[in-house]
Amino acid sequence: MAEVLVLVEHVEGEVKKVTLELLTLARQLGAPSAVWAGPGYSEAAKAKLAEYGAEKVYVADGEEITGYVVAPKVALLAKLIGEKSPAGVLIAATPEGKEIAGRLAVRTDSGVITDAVGLGEGFVAEQSIFGGAINVRSRVTKGTPIIAVRPNATAPVAAQGAAAEERVEVALSDADKAARIVERVAQEKGARPELTEAAIVVAGGRGVGSAEGFGIIEKLADSLGGAVGASRAATDAGWYPHQFQVGQTGKTVSPQLYIAAGISGAIQHRAGMQTSKTIVVINKDPEAPIFEIADFGVVGDLHKVVPQLIEEIEKRK
Amino acid sequence: MNIVVCVKQVPDTATERKLKSDDKTLDREAADGVLNELDEYAVEEALRLKEAHGGEVTVLTMGPAKATDTIRKALAMGADKAVHLCDDALHGSDALSTSYALAQVLKKIGFDLVILGSESTDARTGVLAAMLAERLGVPQLTLANKVEVNGSAITIQRLTDYGFDKVEASLPAVVSVVEKINEPRYPSFKGIMAAKKKPVETLGIADAEIAADQVGLANAWSEVVEFAAAPPRAAGTVVKDEGDGGVKIAEFLASKKFI
Ligand SMILES: Cc1cc2nc3c(=O)[nH]c(=O)nc-3n(C[C@H](O)[C@H](O)[C@H](O)COP(=O)(O)OP(=O)(O)OC[C@H]3O[C@@H](n4cnc5c(N)ncnc54)[C@H](O)[C@@H]3O)c2cc1C
Ligand SMILES: Cc1cc2nc3c(=O)[nH]c(=O)nc-3n(C[C@H](O)[C@H](O)[C@H](O)COP(=O)(O)OP(=O)(O)OC[C@H]3O[C@@H](n4cnc5c(N)ncnc54)[C@H](O)[C@@H]3O)c2cc1C
């Protein structure tokens, strides 16, 4: 069976959930080969990849791979495409993941599909476009299919793989080293699950009213074990940090449950959350467009509804 | 500094956007074409860099004849001139072809800095800047929320999941900017009038040495197999809060096993 390369997303040595999803998808298309790029590789990481079906693990864990913008990872994947002739390559559709996919497509003369929300036989990808109004099935017709898949496109399912380890050396060209990362600045990260990976997201908008108001949004998220998101109105007002913005110019999320409180549902906001499986809305304006996509909505003041909801959840625990 | 800003005409996000049933490409007639909102930030950043370091700002777009409206808006903001790559052979180009065609024009017209938006609001692939860097063999300085030029050195802050990376490189380079970088100016009346007289050069594929078999729908590296309107979300339940709104939501969440 042909290999399917899966570029591993990892943070502080830990494999991210989206990679387990991609391995799960890859198993239906061939034999998954995990590709580890950058420092932090360990036996624990390898075991995790094995648990979700990686038959092989290619490891390039030198500092150099993450020392420059995108190109070294492209060089690594291009080398593996050349040597292993995989049936396809799956990459998480994060902003950087899409850039890797795009550059890799140019370098290997292959087609690329971005933002797949599903993937089937023959690497036919499903895309949800125009803010979720149209569903498209598309496929790559030249070269090796390179697919950037949205987090939460499928549920990760464990299935033991052999995880045979193979070290890979990549020679970087001068062009690969043209954009040098001289400093990494990490902004504070709380104990909550990461926004794009979370199964539950609780988001607040202008209706929350203030930075302090986000206290109840956080509390609701914590009572559900979810992440916190925000509309652009809320991040622009400085009530919540920019990296939690959901939408066209923020993160794209596709959780099992999205709760929108005090958000009107502008097209730019919907573009980032429309593929959520279940949507719950709290808004005082019955005409707010967000109600059009709600599975369950309450017309009311979020400052009353949210605290009562938290109380009710705690009661049921 | 010779700055080229790539801008795209996209259907207005406020109108209903469609694909055409015959060749499955974007229906550009169905909706008003506007300047991709995110490209306004690219134009603004180019103008600020020009104001600080001197030079010239050229707008580059690939698109049908009606994309001239988009060019005028960028010129009205203050760009000096424009290049419009316009040829029926380009219809239906995918990201691979589009990046190839734009790279050919950029090689022809020359640049110190190319600036793009982080993504378009229609196709949203977010790949073009990275593809151009690859094709042109220059540094990729993408997803910037801050750009600083000092002689031939350029530094950006690249937004990441965890915060940002500080990235250094030398010109020439390709930059893409996120919308947090600046506040785009509105064209002034004077700017709008001046834009009417600014030069717009129209190029066909032969003028830019673009190979016909590398562009257009028939030569794309990917294809749309089929598409359909998303089934409307099953109408949800909306209730008015009668003092029990939180309880009602909890009941709904319990019925779906979230709690
Ligand atoms: C280029 C561009 C990119 C953009 N990108 C994004 C993006 O990534 N993400 C994004 O979110 N937006 C984005 N926007 C902005 C978008 O157009 C909207 O302006 C934004 O989403 C509005 O945020 P909001 O819903 O919180 O605020 P509003 O539209 O002001 O809505 C507030 C809602 O809260 C309700 N409300 C008020 N008080 C209460 C209360 N006490 N209880 C309950 N409900 C209450 C109101 O009825 C209203 O519906 C972008 C815009 C542009 C031009
Ligand atoms: C709904 C939809 C989905 C698509 N999906 C795919 C896909 O998965 N794979 C694929 O290969 N193609 C795809 N395409 C084709 C793609 O739209 C075109 O190749 C497009 O010209 C470039 O992609 P983009 O607009 O997403 O660019 P992005 O990379 O999102 O745009 C980034 C920036 O590039 C610049 N730019 C983009 N287009 C132009 C232009 N024509 N002229 C000047 N500057 C420009 C702008 O500065 C823009 O802000 C899709 C098209 C549609 C309509």
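For clarity, every value in this text was computed on a predicted model and none was experimentally measured.

> Mind showing me how you'd approach the UniProt feature "domain: Electron transfer flavoprotein alpha/beta-subunit N-terminal" (unreviewed entry) in chain B here?
UniProt tags residues 23–212 of chain B as "domain: Electron transfer flavoprotein alpha/beta-subunit N-terminal" (unreviewed entry). Across residues 23–212 of chain B, the secondary structure splits into 31% helix and 29% strand, with the terminal C-alpha atoms separated by 19 Å.

> I tried to follow the sheet that holds strand β13 (residues 200–204) of chain A on my own but got confused; where do I start?
In any sheet, the strands associate via hydrogen bonds between backbone groups, in a parallel or an antiparallel arrangement. Across the sheet, which stays open at both edges, the 6 strands sit in the order β14(A)-β13(A)-β15(A)-β16(A)-β17(A)-β13(B) with parallel pairing between neighbours. The strands lining the two open edges of the sheet, one partner per strand, are β14 (227–230) of chain A together with β13 (237–240) of chain B. Sheet twist, expressed as the mean angle between neighbouring strand axes with direction ignored, is 15°. Across 4 bridges, β13(A) lies against β14(A) in parallel orientation. Considered in β14(A), the bridge of A:Ala203 is made with A:Gly229.

> Any chance you could explain the side chain of B:Thr142 here in plain terms?
All names here are of chain B. Take Thr142: it is sitting in strand β7 (residues 140–150). In this structure Thr142 comes out as buried when scored by relative accessible area, which is 0%. Polar side-chain contacts of Thr142 include one of 2.9 Å to the side chain of Gln140. A polar contact of 2.7 Å, which involves the side chain of Thr142, links it to the side chain of Arg158.

> When you look at the site of ligand 2 in this model, what are you seeing that I'm missing?
Taken together, 30 residues lie around ligand 2, and B:Cys6, B:Lys8, B:Asp39, B:Ser120 and B:Thr125 are the ones closest in. Neighbouring residues of ligand 2 are distributed over chains A and B. Here a nitrogen atom of ligand 2 sits 3.4 Å away from a polar atom, N or O, in the main chain of B:Val7. Contacts to ligand 2 include B:Gly117, whose backbone N or O atom sits 3.1 Å from an oxygen atom. If ligand 2 stood free it would expose 930 Å²; the protein chains cover 92% of that surface.

Thresholds applied
- Residues numbered from 1 in each chain as written.
- Chains lettered and ligands numbered in written order.
- Predicted model: local features only at pLDDT ≥ 70, side-chain atom pairs only at ≥ 80, totals over all residues.
- Heavy atoms only, no water.
- UniProt positions renumbered as here; feature names shortened; annotations may be inferred.
- Helix = DSSP H or I, 4+ residues; strand = E, 2+ residues; numbered from the N terminus.
- Pairing = 2+ DSSP bridges.
- Axes fitted to C-alpha atoms, helices over the stretch in contact; angles between N-to-C directions.
- Buried < 20%, exposed > 50% of the residue type's maximum accessible area, 1.4 Å probe, protein only.
- Polar contact = N/O pair within 3.5 Å; in protein donor to acceptor, adjacent residues only side chain to side chain.
- Near = heavy atom within 4 Å.
- Areas by Shrake-Rupley, 256 points an atom, 1.4 Å probe, with all protein chains shown as cover.

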